[in-house]
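Next come the chains, spelled out residue by residue.
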Amino acid sequence: MRSFFKDISLSAATAGFVAVLVGFTSSVTLVFQAAQAFGATPAQITSWMWALGLGMGLCSLVPSLILRQPVMVAWSTPGAAVLASAGLAGGYSMGEAVGAFMVCACLIALAGATGWFERAMHRIPAEIASALLAGVLARFGIQAFAAAQTALPLVLLMLLSYLLARRFLPRYAVVLTLAVAIAFTAFRGQIAVSEMRFEWAVPVFTEPQFSVSAFIGLALPLFVVTMASQNLPGVAVIRASGYPLPVSRLITMTGLATLVLAPFGAYALNFSAITAAMCMGPEAHEDRSRRYTAAVACGALYVVIGLFGAVVTGLLTAFPQELVIAIAGLALLGTIGGGLATALREDAHREAALITFLVTLSGVVIGGVGSAFWGAMAGVFTLFVQQYGRRTRGA
């Protein structure tokens, strides 16, 4: 721990905070909707936040400290969307939902223990993986500037602050931009702090119930979208950032953590992509060997969210949505640029990488599976059509 306190910096701590701010505020309403689709009481919703906060926090914090590399774990945002839809349509009870969460957790752990997912990822060229990453993140960059439609003064001020800081204090560009944005919105009275009660979140145990209908309607779709729309781009971020993380063991860890916490509301834990890029990129720290501290800071904040539940939820959701969107886009500019540069560097893979980027950026959802999966499949298919058999014919 002593070395951690020597390694951490203001920029790394800020990267961890921004990652929590963006990751939490952008999808917490989906988690609430998923819980309510199964008839969750207010106490059970608080328990969901307790379980998810502790799961994400400990699965990020502990491995990052041990490996001294940034490990970023989040809840499954597309998984929450699937649950919200399927829960309302299927009329499942909370017990059946918990049983489905546990089955999904076992499938995730099995995918990690067998190593098949990591082996499949290693077969995807680095250019395709980088294009996938750029496509996932570029939507946040676009949204950052689109936010000017509803908050032009704020976005212009943040952009100017970022550009000036990048020129004179590049290491603290995101820190200073966030500070200016918070000060500006506070001065204009746009930070809406709701009434909060400072009390501990209390976990509520739900006895699991297993059924074939919940397995088919909840567990399998949750597993597919979590692996395809979350873990796939998550591994792409890891590869693009150059960290030799033990992917299979970490996926197994997320599956086991989900299994333990599922009765309390942790429906699916997985690698993060957008927030991972924030903590693994140069904005977190100029020394890549010290960027793990950003993931530790993020994990610690998630644990606090889990312990205090509604209190922290109120604090994080108090910021204007435009501020959250803009700071996310600006913080990811360097990673987006790096991903595109890697994706387009080789002539042989350039067209496949461009197709991967565009399909991923489109946001298309087919069969409940997000664009990250279809972008990767489109890129791999393009490579197959263009290159299969070439070496054989030329031999």
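On a predicted model such as this, the values are computed, not experimentally measured, just so you know. Along every chain, residues carry numbers that run from 1 in the direction the sequence is written. Restriction of local features to residues with pLDDT of at least 70 applies here, the model being predicted, together with a cutoff of 80 or more for giving and counting side-chain atom pairs; totals for whole chains, interfaces and linings are based on all residues. Side-chain measures were taken over the full set of non-hydrogen atoms in the model, leaving aside hydrogen atoms and water.

Student: Break down the overall build of the chain for me, with residues and values.
Tutor: To qualify as a helix, a DSSP run of H or I must reach at least 4 residues; to qualify as a strand, a run of E must reach at least 2; elements of each kind are numbered from the N terminus. Regarding its fold elements, the chain presents 20 helices and two strands. Summarising the internal contacts of the chain: among those between residues at least 6 apart in sequence, 85% fall at separations of at least 24. Areas reported here follow the Shrake-Rupley algorithm with a probe of radius 1.4 Å; residue values treat only the protein chains shown as occluding. For the chain, the accessible surface area stands at approximately 16,900 Å², while carbon and sulfur atoms represent 67% of it. In this tally, Lys and Arg are treated as positive and Asp and Glu as negative; His is ignored, and so are the chain termini. The location of each charge is read from NZ of Lys, CZ of Arg, CG of Asp or CD of Glu. Between the averaged position of the 21 positive side-chain charges in the chain and that of its 14 negative side-chain charges there is a distance of 9 Å. Every residue pair with non-hydrogen atoms within 4.5 Å of one another is taken to be in contact.

Student: Which residues make up the state of the cysteines, and what values go with them?
Tutor: Working definition: a disulfide is two cysteine sulfur atoms within 2.5 Å of each other. Within this structure, the stated rule accounts for zero disulfides. With no disulfide of its own, C59 lies closest to C298 among cysteine sulfurs, the gap being 12 Å. Between C104, a cysteine without a disulfide, and C106, which holds the nearest cysteine sulfur, the sulfur-to-sulfur distance is 9.2 Å.

Student: Tell me what's going on with the confidence of the model for the chain, and back it up with residues and numbers.
Tutor: With 94% of its residues at a pLDDT of 70 or more, the chain has an overall mean of 89. Each residue carries a pLDDT value, the predictor's own confidence for that position, ranging from 0 to 100. Here helix α20 (residues 390-394) stands out as the least confident element of the chain, with mean pLDDT 53; helix α12 (residues 247-261) is the most confident, with 97.

Student: Give a description of the packing of helix α2 (residues 10-25) against helix α16 (residues 321-331) that names residues and reports values.
Tutor: At their nearest, the axes of α2 and α16 sit 10 Å apart, and the two run at 125° to each other. Comparing the axis directions of α2 and α16 gives the class oblique. As α2 packs across α16, the resulting crossing turns out to be left-handed. Residues V18, L21, V22 and T25 of α2 form the contact with α16, whose own contacting residues are V324, I327 and A328. Each residue is assigned to one class: nonpolar for Ala, Val, Leu, Ile, Met, Phe, Trp, Tyr, Cys and Pro, charged for Asp, Glu, Lys and Arg, and polar for all the others, Gly among them. Per-class residue counts for the contact of α2 with α16 are six nonpolar, one polar and no charged. Lines fitted to the C-alpha atoms define the axes, with helices restricted to the stretch that makes contact. Angles between their N-to-C directions range from 0 to 180 degrees. If an angle is under 35 degrees, it is roughly parallel; if it is over 145, roughly antiparallel; if it lies from 65 to 115, roughly perpendicular; otherwise it is oblique. Helix crossings fall into two classes, left-handed where the near helix is turned counterclockwise from the far one by less than a right angle and right-handed where it is turned clockwise.

Student: How would you summarise the nonpolar core if you had to cite specific residues and measurements?
Tutor: We call a set of buried residues a nonpolar core when its members are Ala, Val, Leu, Ile, Met, Phe, Trp, Tyr or Cys and they connect through side-chain atoms within 4.5 Å of each other. Each residue gets one of three labels from its accessible area relative to the maximum for its type: buried under 20%, exposed over 50%, partly exposed in between, using a 1.4 Å probe on protein chains only. In this structure, F38, W48, W75, F101, L218 and Y267 are the most contacted members of the largest nonpolar core, which totals 113 residues. Per-element tally for this core: the top contributor is helix α11 (residues 212-241), with eleven residues. Membership of the second largest hydrophobic core comes to six residues, among which are A131, A134, A353 and F357.

Student: Talk me through the side chain of E127; I want residue IDs and the actual numbers.
Tutor: The residue E127 is located in helix α8 (residues 126-146) in this model. By the criterion applied in these results, polar contacts are pairs of N or O atoms within 3.5 Å in which, for protein atoms, one can donate a hydrogen and the other can accept it, and in which residues neighboring in sequence qualify only through two side-chain atoms. Engagement of the side chain of E127 in a polar contact is seen with the side chain of H349, the distance being 3.0 Å. E127 has contacts with T342, A343, R345, E346, H349 and A353, leaving out every residue within four places of it along the chain.

Student: Explain the packing of helix α18 (residues 347-362) against helix α19 (residues 371-387) to me, using residue names and the numbers behind them.
Tutor: The N-to-C vectors of α18 and α19 enclose an angle of 155°; their axes lie 8 Å apart at closest approach. As far as their axial angle goes, α19 and α18 are roughly antiparallel. Considering the relative orientation of α18 and α19, their crossing is right-handed. On α19, the residues touching A348, H349, E351, A352, I355, T356, V359 and T360 of α18 are S371, A372, W374, G375, A376, A378, G379, T382, L383, Q386 and Q387.

Student: Account for the pattern of salt bridges, with residues named and values stated.
Tutor: What makes a salt bridge here is a side-chain nitrogen of Lys or Arg within 4 Å of a carboxyl oxygen of Asp or Glu, nothing more. Within the structure shown, the criterion is met by five salt bridges. The partner of R290 in a salt bridge is D7, and the shortest N-O contact between them spans 3.9 Å. Here D7 lies in helix α1 (residues 2-7) and R290 lies in the loop between α13 (274-280) and α14 (292-308), a separation of 283 residues in the sequence. A residue is classified by how much of its surface remains accessible, and R290, at 22% relative accessible area, is partly exposed. Given the relative accessible area of 13%, D7 is considered buried. Residues participating in the shared-partner salt-bridge network are D7, R68 and R290.

Student: Give me the lowdown on empty space enclosed by the protein, citing residues and values where you can.
Tutor: Lining residues are those with an atom within 4 Å of a point, where the points come from a 1 Å grid over the protein atoms alone and group into cavities, where a 1.4 Å probe fits but cannot get out, or pockets, open sets with protein on both sides within 12 Å along at least five of seven lines. Grid points are joined across faces, edges and corners, and a volume is the space filled by probe spheres set on the points. Inspection of every chain in the model, using the stated rule, returns four cavities of 30 Å³ or more. Empty space within the largest cavity amounts to approximately 70 Å³. If you go around the largest cavity, the residues you meet are S11, T14, A15, V18, V174, M278, E283, A284 and A331. Element by element, the count of residues in the lining of the largest cavity is highest for α2, at four residues. For the lining of the largest cavity, the per-class residue count stands at six nonpolar, two polar and one charged.

Student: I'd like a description of the environment of T14, backed by residues and values.
Tutor: Relative to the helices and strands, T14 resides in helix α2. Look at T14 and you get buried, because its relative accessible area is 10%. Separated by 155 residues in the primary sequence, T14 and L169 place their C-alpha atoms 15 Å from one another. Apart from residues no more than four positions distant in its own chain, T14 is found in contact with V174, V175 and L178.

Student: I'd like to hear about α16, residue by residue, with values.
Tutor: Taking burial as the measure, the eleven residues of α16 include eight buried ones, the bulk of the element. Listing the buried residues of α16 in full gives L323, V324, A326, I327, A328, G329, L330 and A331. Looking at the buried side of α16, the elements it contacts are α2, α8, α9 (152-168), α10 (173-187), α13 and α17 (333-343).

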